[in-house]
Amino acid sequence: MMLTWHNYICEQHLVRTQDDYLLCVHRIPSAKVALPPQHKDTPNQSYLHRLAQDKGICVMDHMREFKPNPAKTPAYTGKPVVLLSHGFLMSSEIWICNRSEYSNLPLILAQQGYDVWLSNARGNKYSQTHLRLNPKHQDFWEFSINEFAMIDLPDVVDHILQITGAPDLTYIGFSQGTAQAFAGLSVNPQLNKKINLFIALAPATTPKGLHHPLIDAFVKATPSVIYLLFGRKTPLKLALFWQRIISPPLFVKLIDRSVQFLFGWTGKNMSTEQKLVSYQHLYSLTSVKSLVHWFQIIRVGRFQMYDELPSRLPYHTVNAVMDHVPPQFPTKQITTPIAIFYGRSDSLVDFDVLANDLPHPLAYVKSIQDWEHLDFLWAEGIDSLVYPDIFHLLSYFNPLSRYNEYHREGPTTTSLSRFVVR
């Protein structure tokens, strides 16, 4: 794992999944030094109000309609736990490559007293090990969003709760990291009891498609054509080659032009200096099958499970005599409180469709007019525009107060009695 800062204790854990993949999970259990006072203070509210007006921010706050989980284990006096999950073609590195130390969410959370975990999806640079299968062979790469959601997520959560002894945790996902949580929570009632809050950054469930009309029409016509372009293992492996041999400034230009062509993003909210750092950690491997899964979802316009028997017709049909209909993830059955942060200039987020598929009310929704997809990782001002809201949500659903109170007073009979649910 990238260790840019040495003020934190870091651990590496391996999680064995039900189907024998070994997933690497990084942990930051604590910081070695205290957070400087200037970073502990709550941002000036009038400043945030002016900033919100300038950025075209809209907020819907229904937090008080949810009751924090009262069933905290009285015996648990450890730190509250937070799990962060990366997006498509990424790794855990994306969370800690902001140039400013205090613009990296995991590091701030660790400084504040949270036990922070960073997951890595099967197939990426940290999770390419299986007890029987070899990454050189096709069988290793036979996974889609289904496996991320129904195997990896619950297994990682169970491992973390077993190690920490915590009764539940807060989940923060970015992009595909939100999709696997929406999917996993929708089909696993027990998982809902283990996640006290789900924070979705740039949530992706039903993207509209690609920015370029010809390419968009091509891949929507029959998503399985992706297999003809990339084979059955991992896509765009050549990108790693170019990332290594060309200079960082040239690679930044290449990525900027690619995302402009594919998604219509401008990248104007990220500084050039930040891109030089973060783009070097942008790409990590995944399966072609997961890419095909995304284009199947885009084609039909609904958040569904992988279609093993896709239609051979070069267009989507709602014909009543279809031979099969892939199950849709039943996201309205999620009981975990959900908070959503999205940019209204993000072509991959269709909030109206997403909100219609989720239970109401949502605990919290914040949208920023000019923000795009990657801005929720590396945009200038993220520590003022997004992080205070996240800390506010955590203070309600997964507070530090019990941990701080216990360790301030000590495990006396009086202090322990305060943890008893009455």
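Residues numbered from 1 in each chain as written. Predicted model: local features only at pLDDT ≥ 70, side-chain atom pairs only at ≥ 80, totals over all residues. Heavy atoms only, no water.

We now examine the pattern of salt bridges. Inspection of every chain in the model, using the stated rule, returns 13 salt bridges. With its nearest N and O atoms 3.6 Å apart, the salt bridge here joins Glu142 to Lys289. Highlighted residues: Glu142 in the loop between strand S6 (129–130) and helix H4 (145–164) and Lys289 in helix H12 (residues 288–300), separated in sequence by 147 residues. According to the relative accessible area criterion, Lys289 is buried, its value standing at 8%. The partner of Glu308 in a salt bridge is Lys289, with the nearest N and O atoms 3.2 Å apart. Here Glu308 is found in the loop between H12 and strand S9 (338–343), whereas its partner Lys289 is found in helix H12, with 19 residues between them in sequence. The class for Glu308 is exposed, based on a relative accessible area of 55%. (Salt bridge = Lys/Arg side-chain N within 4 Å of Asp/Glu carboxyl O. Helix = DSSP H or I, 4+ residues; strand = E, 2+ residues; numbered from the N terminus. Buried < 20%, exposed > 50% of the residue type's maximum accessible area, 1.4 Å probe, protein only.)

The grouping of Leu238, Phe241, Trp242, Ile245 and Leu254 at the surface amounts to a nonpolar patch, some 490 Å² of accessible area in total. The element contributing the most residues to the nonpolar patch is helix H9 (residues 238–245), with 4 residues. On the secondary structure map, Phe241 appears in helix H9. (Patch = residues over 30% accessible without salt bridge, like charges linked within 9 Å, V, L, I, M, F, W, Y side chains within 5 Å. Areas by Shrake-Rupley, 256 points an atom, 1.4 Å probe, with all protein chains shown as cover.)

Counting 69 residues, the largest nonpolar core has Trp95, Ile172, Leu201, Phe341, Val386 and Ile390 as its most contacted members. Residue contributions to this core peak at 6 residues, all from helix H16 (residues 387–397). Those residues in contact with Trp95, other than ones at most four positions away along the chain, are Leu84, Ser85, His86, Asn104, Leu105, Pro106, Leu118, Ile172, Gly173, Phe174, Leu201 and Leu377. In this structure, Trp117, Phe148, Ala149 and Ala166 belong to the second largest nonpolar core, which totals 53 residues. (Core = buried A, V, L, I, M, F, W, Y, C linked by side-chain atoms within 4.5 Å. Contact = heavy atoms within 4.5 Å.)

We now examine empty space enclosed by the protein. Applying the stated rule across the entire model yields 8 cavities of 30 Å³ or more. One number sums up the size of the second largest cavity: a volume of about 130 Å³. Lining of the second largest cavity is provided by 16 residues; of these, Ser85, Ser119, Ala121, Asp152 and Gln180 occupy positions nearest its centre. If you list the elements that add at least two residues to the lining of the second largest cavity, you get strand S4 (81–85), H4 and helix H5 (176–187). Sort the elements by how many residues they give to the lining of the second largest cavity and H4 lands first, with 4 residues. (1 Å grid on protein atoms, 1.4 Å probe; cavity = no way out; pocket = protein on both sides within 12 Å on 5 of 7 lines; lining within 4 Å. Points joined across faces, edges and corners; volume = space filled by probe spheres on them.)

Among the 5 residues in S4, 5 count as buried, and that is most of the element. Alternating positions in S4 separate into two faces, Val81, Leu83 and Ser85 on one and Val82 and Leu84 on the other, with burial throughout. Across 4 bridges, S4 lies against strand S5 (residues 115–118) in parallel orientation. Counterpart to Leu83 in the pairing with S5 is Trp117. Bridge analysis of S4 against strand S7 (residues 169–174) gives 4 bridges, and the strand direction is parallel. Bridged to Ser85 within S7 is Gly173. (Pairing = 2+ DSSP bridges.)

Let us look at unusual backbone geometry. Across the junction of His360 and Pro361, the peptide omega takes the value 0 degrees, indicating a cis bond. Mapped onto the secondary structure, Pro361 falls in the loop between helix H13 (351–356) and strand S10 (364–368). Of note in the backbone geometry, Ser175 takes a positive phi value of approximately 55 degrees without being a glycine. Mapped onto the secondary structure, Ser175 falls in the loop between S7 and H5. Ser175 sits in the buried class, given a relative accessible area of 9%.

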